[in-house]
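Coordinate inspection notes
Below are the chains, spelled out letter by letter.
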Amino acid sequence: VKKVAASAVLLASLASAAAVRAADCVPIAHVTNLEGQVSIKPAGKVVKRSAGKTPSPLCAGDEIHTFQGRALIKSDQDQITLDRDSVLLIKSQEHASVSRGKVLFDIQKRGTSTGLQVATRLSVIGVKGTSFLVADKGSGVSVALAEGVVDVASTQGQLGHYREKPAAAKEATFEDFKREGAAAVDKEKQAFAAYKDQVQREFVAYVENITMEAGTELEISGQTAVERKTGAELGSDLQALRTWRASR
Amino acid sequence: MPVELSRSQGVRLAGIFLGIALGLSALFHWQPGPTAGLASAVSDTYYRFNPHAPSADVVFLKVDHDAVKRLGRWPWSRDALAEGVAKLDKTAAVALDMVFSEPTTPAQDQALGAAFGKATTVGGIFINGVLPSQPDEATMNLLANSALTDIHDIVLGGSDAVELSVPDVLSGLTTLASLNTLPDADERFRHYPAGFRLFKMVQPSLGVQTLQIVLNTPASLQGGTDPTLGFGTRKIQLDRDGYTRLNFYPVARFKAMSMARLYEPGFDPATLTGKIVVLGVTEAGVTDIRATPLGQYPGALLHATFLANALGGHTLSELRTPTMGTVIVIVLAITLLVMLLRQLWLRLLAYGLLIAGSYGAGALLYLYAGFWLESAFLIVGILLTAMLVETSLLSHSKLHTEKLRTAFSTYLPPSLVNRIVDDPDKLKLGGEKKVITVLFSDIRGFTSMSESIEADQLATILGLYFQPMTEAIFKQGGTLDKYIGDAIMALFNAPLDQPDHALAACRAAIAMQYAQLRINEVLQKQGLAEQLRTGIGVNTGQAVVGNLGSSIRFNYTAVGDSVNLASRLESSTKKVGADIVIGESTHALVKDALPCRALGEISVAGKERPQTIYELCWKDVPDPATGERHKAPATAVAG
């Protein structure tokens, strides 16, 4: 009888611990879908826990790590899709930060608020309703904007802002790429590499803020920011994440 | 001997110097096995000076002889082990240097898992271990939760095979960590890995994972030119393979406890409150014993050493190649300066001091700055540079000797040249004011004779004449200054000191007159010329002697009034009807030894009063060369 009672006490304390954890914070988003290993590092902790069964609640300050997995996060207004080997910190409903990998943001227009700010190693992206991909490639950070308008602010002081235009008449753009279809990916990648060699880089200005337009990408590395039509590489990343999300 | 290297010597020296510096830097960068072993043989001794003790918060809980005596042979049954582990629930963290990869009964495995679950327990995995298993979904999740993600540009070793504890034990573990360690090229353990790649994730080492939990700060790995392992602002230097150098403490300084204590009836788990427990096996026959610079070390203590280094601020930073290369160049340049020391013993002392200084600097940097300097590279560099310096000094002095020999062999008898070469300090080159005796000789009426005979005949006559005349001078230790047409100029008391220079010059003059007689006999036999007569002037006085001339051509000679006077005395021989005329000062020095006759006075430029000149009556003196007396009575020839 004693043993059973002890177990009951233990179970009760475990349950209450879970309750405390749930009551510890107000979830501001949930991992609604995932594949592979997805870990969550709770705010202020070192040891990560598995996202486990979806929907898995996320609190302010939680970090989501995907290894060979992918994760879809939803809040009231936004959808955030993490590619493999990515790290996203959700600071609050208005602030997120990408420190690793590729993350696709689909942000609903917010009424009166200032919108969502996405911090990267090199920049802060301010958005009010748009769809864009953030990719930290180690050497630099790229932003590809699919829809809407975003404002990219440097956290590294002034950037040399360049705009690339193809020297060849035909532009291999993301729109072209979409028409080509998946079968032509390899061919297109080669063509894109060749195309990239032909572009002309034109200096615009030294700025701390760059406003991007839909269908363009911005590549920041060091003190340079290069703006161009969204190319095949980021275009395919963006498309892949959208396809994965749609399949869920 | 002053060291003045020629341009080509300097270039060669600089080339070899740079070769040594670059070669050592390259060896330092790549450290092939034998090099690393040799370098470590020197630097490993630094650890003996380690004044620190590991943090008392790190407790080495060991399955030792006492524990085995109490609970039987290791491995123990898992419920027995669980009984002890359950008493670790008050600790800050438990780091397990063990993997439970083989299942026993589910009840026992679960009991152990549950016991681990009472504390924050970091479990071990062996990457590329002997019993690899395919992790299930839950284990993959645990591995993902254990992995580091704040990683940039770092190269780490890895594998896709892993030895794990059985799932029932894993379920009680807070997180996992790699137990792998790798020895240096000489099979000694000195470096601790930050982590390894496994299934495209980075698993931290046991020490790194435990430190994350204890500090409640996630670790970051930054690669590039200055790889570091960071815990917030705390930075630990890594080498380019992601390892950090451990700062070893003597084993006895660790706070250690036998596992047997946990089973004693009165043991209070509260005594371990807040401690970081590293659990490992030391019992002989079971344990992993690792060779370290401080001797045999239980493997678990490598993890404990890393933890204590990080917690106590005793981590080490090794000098990277650019810094080390600079240090090598500076130290070798200083060694090269030793060349300026003239005495061999001073140079040897300087080399010794530089070697001791390099080792001492390494030890001091280790003790006071946490920098690791491989002083063996400096010591080898100093030795090589010392060899370079000594060989170039040797070849330089050889060259110098050759120069001396060729410079003097034309005007000095070979025995004197040897004396100069043997002891160059006796020779003073360059101008020097000195009292010397100068001898001038000239064939009387030679100029008019040279017009009347054929050129080749003249050359033959001069050849027959100069040889015995020069020998006569050399025999008396004189220096042949030069031939001027048919005239000879010789110096005594230069360049080497010759105390009886006046007498020697006079003896040479006498010998020359006897030689003249023999030359005349030869000439007569060959029917070459009429009888020759030689007038000789000898004078003693101060003159400037040395290598005089221009850079294009210079000559060892003497200049001064006394030299001019000697020439004047020689010119006067015909007028006064004497064969050898000597000046006043020479006369004063030889009058007691040789028969002389006053000839009167002549006035000399540069002298206020006229000079008395003397005839040296050579026919009254036997030939200094052969000892023969003159055949005719002196008076018969005089006039």
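Here's a quick rundown of the structure. (Residues numbered from 1 in each chain as written. Chains lettered and ligands numbered in written order. Predicted model: local features only at pLDDT ≥ 70, side-chain atom pairs only at ≥ 80, totals over all residues. Heavy atoms only, no water.)

Each helix and strand counted, chain B has 19 helices and 28 strands in total. Buried residues in chain B amount to 51% of all 639 residues. Summarising the internal contacts of chain B: among those between residues at least 6 apart in sequence, 76% fall at separations of at least 24. (Helix = DSSP H or I, 4+ residues; strand = E, 2+ residues; numbered from the N terminus. Buried < 20%, exposed > 50% of the residue type's maximum accessible area, 1.4 Å probe, protein only. Contact = heavy atoms within 4.5 Å.)

This part is about the overall build of chain A. Counting its secondary structure elements, chain A contains 4 helices and 19 strands. Looking at the 248 residues of chain A, the share that counts as buried comes to 45%. Put simply, of all contacts in chain A between residues at least 6 apart along the chain, 58% involve residues at least 24 apart. Surface accessibility of chain A: about 12200 Å² in total, with carbon and sulfur atoms responsible for 53%. (Areas by Shrake-Rupley, 256 points an atom, 1.4 Å probe, with all protein chains shown as cover.)

Further remarks concern the interface of chain B and chain A. At the junction of the two partners, chain B supplies 20 residues and chain A supplies 16 residues. When the two sides are added together, the surface that chain B and chain A hide from each other amounts to roughly 1500 Å², 53% of it contributed by carbon and sulfur. When the buried surface of chain B facing chain A is broken down by residue, Asn145(B), Thr149(B) and Asn216(B) rank first, second and third, together holding 36% of it. Our count for the contact surface shared by chain B and chain A stands at 0 salt bridges. Put simply, chain B and chain A have 7 residue pairs in polar contact (both at pLDDT 80 or more) between them. Where the side of chain B that touches chain A is concerned, the elements lending two or more residues are helix H6 (137-146), strand E4 (151-152) and helix H8 (206-215) of chain B. Looking at the side of chain B that touches chain A element by element, the count peaks at 6 residues for H6(B). Counted by class, the side of chain B that touches chain A contains 8 nonpolar, 10 polar and 2 charged residues. (Buried area = accessible area lost by both parts, 1.4 Å probe. Salt bridge = Lys/Arg side-chain N within 4 Å of Asp/Glu carboxyl O. Polar contact = N/O pair within 3.5 Å; in protein donor to acceptor, adjacent residues only side chain to side chain. Nonpolar A, V, L, I, M, F, W, Y, C, P; charged D, E, K, R; others polar.)

Residue and element names in this part refer to chain B. Locating Leu458 in the fold gives a position in helix H15 (residues 455-475). Residue classification places Leu458 among the buried residues on the basis of a relative accessible area of 18%. Sequence separation between Leu458 and Phe446 is 12 residues, and the spatial gap between their C-alpha atoms is 9.8 Å. Residues within four places of Leu458 in sequence aside, it is in contact with Phe446, Ser450 and Ile453.

Among the structural elements, Glu432(B) can be located in strand E21 (residues 432-443). Ignoring any residue separated from it by four or fewer positions in sequence, one finds Glu432(B) in contact with Ala543(B), Val544(B) and Val545(B).

So, about empty space enclosed by the protein. Per the stated rule, a full pass over the model turns up 3 cavities of 30 Å³ or more. Taken as a whole, the largest cavity spans an internal volume of roughly 130 Å³. When residues of the lining of the largest cavity are traced back to their parent elements, those giving at least two are strand E6 (70-74), strand E7 (79-82) and strand E9 (95-107) of chain A. Considered class by class, the residues forming the lining of the largest cavity number 7 nonpolar, 5 polar and 3 charged. If you add up the space inside the second largest cavity, you get close to 40 Å³. Lining the second largest cavity, in full, are Val46(A), Val47(A), Lys48(A), Asn145(B), Ser146(B), Ala147(B), Thr175(B), Gln209(B) and Gln212(B). (1 Å grid on protein atoms, 1.4 Å probe; cavity = no way out; pocket = protein on both sides within 12 Å on 5 of 7 lines; lining within 4 Å. Points joined across faces, edges and corners; volume = space filled by probe spheres on them.)

Turning our eyes to something else, we now look at unusual backbone geometry. The phi angle of most residues is negative, glycine excepted, and most peptide bonds adopt the trans form. Residues and elements named next belong to chain B. With an omega of 0 degrees, the peptide bond running from Trp74 to Pro75 counts as cis. With respect to the element layout, Pro75 can be found in the loop between helix H3 (65-71) and helix H4 (78-85). We note that Phe199 has phi near 50 degrees; this positive angle belongs to a residue other than glycine. Relative to the helices and strands, Phe199 resides in the loop between strand E9 (195-198) and strand E10 (201-204). A relative accessible area of 14% means that Phe199 is categorised as buried. Of note in the backbone geometry, Lys200 takes a positive phi value of approximately 60 degrees without being a glycine.

Bringing the pattern of salt bridges into the picture now. This structure, assessed with the given rule, holds 27 salt bridges over all chains. In this structure, the salt-bridge partner of Asp186(B) is Arg190(B), at a minimum N-O distance of 2.8 Å. Put simply, Glu615(B) and Arg597(B) hold a salt bridge, and the shortest N to O gap is 2.7 Å. In this pair, Glu615(B) is assigned in strand E28 (residues 611-616) and Arg597(B) in strand E27 (residues 596-602), connecting sequence segments 18 residues apart. For Glu615(B), a relative accessible area of 12% gives the class buried. Through salt bridges with shared partners, one network takes in Glu35(A), Arg70(A), Asp83(A) and Arg84(A).

Attention now goes to helix H11 (residues 344-369) of chain B. Residues and elements named next belong to chain B. With 26 residues, H11 should reach 38 Å at 1.5 Å per residue; the first-to-last C-alpha distance of 36 Å fits that figure. All of the buried residues along H11 are Arg347, Ala350, Tyr351, Leu354, Ser358, Gly362, Ala363 and Tyr366. Contacts from the buried residues of H11 go to helix H10 (321-337), strand E20 (371-372) and helix H12 (375-408). One or two steps after H11, the chain reaches Gly370, where phi turns positive at roughly 70 degrees. (Expected span 1.5 Å × (residues − 1).)

Residue and element names in this part refer to chain B. One open sheet accounts for 3 strands, arranged E5-E9-E10; its pairing is mixed. Of all strands in the sheet, those with a lone pairing partner are strand E5 (158-159) and E10, marking the two edges. Sheet analysis places E5 next to E9, joined by 2 bridges and oriented parallel. By the bridge assignment, Ser159 is partnered in E9 with Leu198. Against the sheet, H6 makes contact with E9 and E10, and its axis sits at roughly 70 degrees relative to E10, the strand it touches most. (Pairing = 2+ DSSP bridges. Axes fitted to C-alpha atoms, helices over the stretch in contact; angles between N-to-C directions.)

With that settled, the discussion passes to the nonpolar core. Residue and element names in this part refer to chain B. Leu143, Met259 and Leu262 are the most contacted members of the largest nonpolar core, which has 49 residues in total. Of the residues forming this core, the biggest block, 4 residues, is contributed by H6. Apart from residues lying up to four places away in sequence, Leu262 is in contact with Leu61, Gly84, Lys87, Leu88, Met257, Phe267 and Leu272. Of all hydrophobic cores here, the second largest spans 47 residues; its members include Leu221, Ile236, Leu246 and Leu307. (Core = buried A, V, L, I, M, F, W, Y, C linked by side-chain atoms within 4.5 Å.)

The next thing to look at is the packing of H15(B) against helix H16 (residues 501-526) of chain B. Residue and element names in this part refer to chain B. Remark: H15 packs on H16, axes separated minimally by 9 Å, with the N-to-C direction vectors making an angle of 155 degrees. Classed by the angle they form, the pair H15 and H16 counts as roughly antiparallel. In this structure, H15 crosses over H16, and the sense of that crossing is right-handed. Contacts between H15 and H16 pair Ile461, Leu464, Tyr465, Pro468, Met469, Ala472 and Ile473 from the former with Ala508, Ala511, Met512, Ala515, Gln516, Ile519, Val522, Leu523 and Gln526 from the latter. Considering only residue class, the contact of H15 with H16 consists of 14 nonpolar, 2 polar and no charged. (Parallel < 35°, antiparallel > 145°, perpendicular 65-115°, else oblique. Left-handed = near helix turned anticlockwise from the far one by under 90°.)

This part covers a nonpolar patch on the surface. Residue and element names in this part refer to chain B. Residues Trp345, Leu349 and Leu353 make up a contiguous nonpolar surface patch of about 370 Å² in total accessible area. Mapped onto the elements, Trp345 comes out in helix H11. Judged by its relative accessible area of 57%, Trp345 falls in the exposed class. (Patch = residues over 30% accessible without salt bridge, like charges linked within 9 Å, V, L, I, M, F, W, Y side chains within 5 Å.)

Glancing now at the environment of Lys574(B). With respect to the helices and strands, the residue Lys574(B) is situated in helix H17 (residues 561-576). For the pair formed by Lys574(B) and Gly535(B), sequence separation is 39 residues and the distance between their alpha carbons is 7.2 Å.

Residue and element names in this part refer to chain B. Between the first and last C-alpha of helix H9 (residues 300-312) there are 18 Å, a value that for 13 residues agrees with the 18 Å anticipated at 1.5 Å per step. In terms of residue burial, H9 counts as a mostly covered element, since 11 of its 13 residues are buried. Where H9 is concerned, the buried positions are Ala300, Leu301, Leu302, His303, Ala304, Thr305, Phe306, Leu307, Ala308, Asn309 and Ala310. A positive backbone phi angle near 70 degrees is found at Gly313, which sits one or two residues after H9.

Turning our eyes to something else, we now look at the pairing of strand E8 (residues 86-90) of chain A. Residue and element names in this part refer to chain A. Burial within E8 is extensive, with 5 of its 5 residues counted as buried. Burial of E8 is two-sided: the residues Ser86, Leu88 and Ile90 facing one way and the residues Val87 and Leu89 facing the other way are all buried. As defined by bridge partners, strand E5 (residues 62-66) adjoins E8 across 5 bridges and the pair is classed as antiparallel. The partner of Thr66 across the bridge, within E8, is Ser86. Bridge analysis of E8 against E9 gives 4 bridges, and the strand direction is antiparallel.

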